[in-house]
Structure formats: structure tokens, C-alpha cells
Amino acid sequence: NQQPVTAVMIENTPDARPQAGLGQAGVVFEALAEGGVTRFMALFQDTAPTNIGPVRSARPYYLQWALGFDAGYAHVGGSPDALQDIKAWGVRDLDQFYNAGAYHRVSSRAAPHNVYTSIAALNQLETSKGYTSSTYSGFVRGSEAAAKQPTATTINFTLSGATYNVQYSYDAAHNDYLRSEGGAAHIDANTNQQIAPKVVIA
């Protein structure tokens, strides 16, 4: 809890899949960015993946979620509204355009789907800017042992079409939800495991 919360914008086009780091995030927000394409904002505090990405640009509504966690905000540029709001709202800005040393490009993917980072690099950048902790009220959590087994075995999100539609299938053995996207298991590139959150909120 003494570590800063770090938010990273992660792309979700087919060229970005499988992404790295989503499965290790504490909280992940997903919303439409534009043209029916969704984008993620992954929050990290108690995990430190060495590979996160592809990192993409900012949008205003993600900024509001990041502010709720007093988070550093890692992104590559952004929409004009988002860049203006970052300054106006005092967002802890970790823009790649001005902090290139905290990011790197991989040769295995074409631009702009090739910008990656790590929590170690972002934490170092945050420390240099004085962002050494985060003050926020987290989600209230109950006892996992006391949770009732859900009666629904699947949760379907119709977002913008087959490429971005999401399904979560309840896995009773692990008490989590296996995520599928575009009709296929959604895999984290770091672990080669299917992403499986304990809690899903729509």
C-alpha cells in the first residue's frame, strides 16, 4: 500500500494482441476509444511486470478513473481534449513523448503497436517527479470464502462487433472468470495464460 498506483494505457486492436501485463494488473478498465475499438487502462500497485504494452494514447474519461486512484498515468500522447485535461486537472503525467527513457520499442511489432514499458521504469520516473505514493479509497472487498457461487456461468458484453465482443466464463474451480475476446481466449503475453479476473463490473 506504500507504493504509488501506476495506470498504463494499453491498446486493444487485433495488431496489439496478445497484450502484455493485463493479467497482472490489480484493476483494468475497458471502454470504447473510437471507431468501435476498445482500449484498456491497467492499474498496477502490488505487482511489477517487466513487460507492459502496447502502450497507446490518452482519452479524457480514462483520466477521471486514474484520478480516482491518485495514479501516475502512462500513455503515448493523446487526444487534444485529453492532453488539455491532463494539465488542467493536475494528472500525474508520464507521457512517453516527454519521458522516452521509461519506454522502449520492440522489433517484433510494427509502429504504432510496438511501445512497451515496465513498472520498474515507470516507478523510477514517478520517483523523479515526486509521485512516491497514492492516496485513494479502494473498492470494498468481502471474504472470498464467504462469496456465494454465481448462478450465471457466462457474462457477455456486446460492445461494437465480433472483434471486440467479450465473454467471461465462470470457473468454479478457481472462483474466477475466464476472459474471451473476439471468440478466442484472451491471453496475456507475459504468462501465456488466459486472463481471469475475480471480479467483473459492467
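Structural notes, computed from the coordinates. (Residues numbered from 1 in each chain as written. Predicted model: local features only at pLDDT ≥ 70, side-chain atom pairs only at ≥ 80, totals over all residues. Heavy atoms only, no water.)

Here's the deal with the overall build of the protein chain
Keep this limit in mind: In this text, helices come from DSSP runs of H or I with a minimum length of four residues, and strands from runs of E with a minimum of two, each type numbered from the N-terminal end. Only the C-alpha atoms count toward the radius of gyration. The rule for a globule is 2.2 Å times the residue count to the power 0.38. Partly exposed residues are those whose accessible area sits between 20% and 50% of the maximum for their type, while under 20% is buried and over 50% is exposed, using a 1.4 Å probe and protein chains only. The contact definition used throughout considers only heavy atoms, calling two residues in contact when any of these lie within 4.5 Å.
Within the protein chain, the secondary structure is distributed over three helices and 13 strands. At 17 Å, the protein chain has a C-alpha radius of gyration in line with the 17 Å of a compact globule built from 202 residues. Judged by the C-alpha coordinates and their principal axes, the protein chain covers about 50 × 35 × 30 Å. When each of the 202 residues of the protein chain is scored for burial, the buried share is 44%. A separation threshold of at least 6 residues defines the contact pool for the protein chain, and within that pool the share at least 24 residues apart is 54%.

With respect to the packing of aromatic side chains
Here is the rule: Pairing of aromatic rings covers Phe, Tyr and the six-membered ring of Trp, with a centre-to-centre limit of 6.5 Å; geometry is then stacked below 30 degrees between planes, edge-to-face above 60, and tilted otherwise.
A full pass over the atoms with the stated rule returns nine aromatic pairs. Ring geometry for Tyr61 and Tyr62: centres 4.9 Å apart, planes at 40 degrees, overall tilted. A residue is classified by how much of its surface remains accessible, and Tyr62, at 0% relative accessible area, is buried. Between Tyr62 and Trp65, the ring centres sit 5.5 Å apart and the planes meet at 80 degrees, which makes this aromatic pair edge-to-face. Highlighted residues: Tyr62 and Trp65, both in helix 1 (residues 60-68), separated by three residues, approximately one helical turn. Residue classification places Trp65 among the partly exposed residues on the basis of a relative accessible area of 29%.

Things to note about a nonpolar patch on the surface
Our working rule: Excluding any residue in a salt bridge, patches collect residues exceeding 30% relative accessible area, merging like charges within 9 Å and nonpolar Val, Leu, Ile, Met, Phe, Trp and Tyr side chains within 5 Å. Working definition of accessibility: Shrake-Rupley area with a 1.4 Å probe, residue cover restricted to the visible protein chains. Throughout this description, the term salt bridge denotes a Lys or Arg side-chain nitrogen within 4 Å of a carboxyl oxygen of Asp or Glu.
Residues Phe139, Val199 and Ile201 make up a contiguous nonpolar surface patch of roughly 350 Å² in combined accessible area. Residue position: Ile201 is located in the segment after strand 13 (193-194). The class for Ile201 is exposed, based on a relative accessible area of 67%.

Details of unusual backbone geometry
The amide bond that connects Arg17 to the next residue, Pro18, takes the cis arrangement and shows omega of -5 degrees. At the junction of Gly53 and Pro54, the peptide bond is cis and its omega measures out at 0 degrees in the coordinates. Relative to the helices and strands, Pro54 resides in the loop between strand 3 (37-44) and helix 1. Backbone geometry at Asn175 places phi at a positive 55 degrees, although glycine is not the residue there. Within the element layout of this structure, Asn175 appears in the loop between strand 9 (166-171) and strand 10 (176-181). Here Asn192, not a glycine, exhibits a phi torsion of approximately 60 degrees, which is positive.

Thoughts on the nonpolar core
Note the cut-off: Side-chain atoms within 4.5 Å link the members of a nonpolar core, which is a set of buried Ala, Val, Leu, Ile, Met, Phe, Trp, Tyr and Cys residues.
Core analysis: the biggest nonpolar cluster contains 20 residues, and Val8, Ile10, Phe44, Leu94, Tyr103 and Leu122 have the highest contact counts within it. Looking at this core, the elements with two or more residues in it are strand 1 (6-10), strand 3 and helix 3 (119-129). If we skip the residues at most four places from it in the chain, Leu122 touches Thr6, Val8, Ala74, Leu94, Ala102, Tyr103 and Thr117. The next biggest cluster of nonpolar side chains, apart from the first, holds 18 residues, and it includes Ala66, Ala71, Tyr73 and Val91.

A few points about the pairing of strand 2 (residues 27-34)
This is how the line gets drawn: DSSP-based pairing: two strands are paired if at least 2 bridges between them are found.
Relative to strand 3, strand 2 runs antiparallel, the two sharing seven bridges. By the bridge assignment, Val27 is partnered in strand 3 with Leu43.

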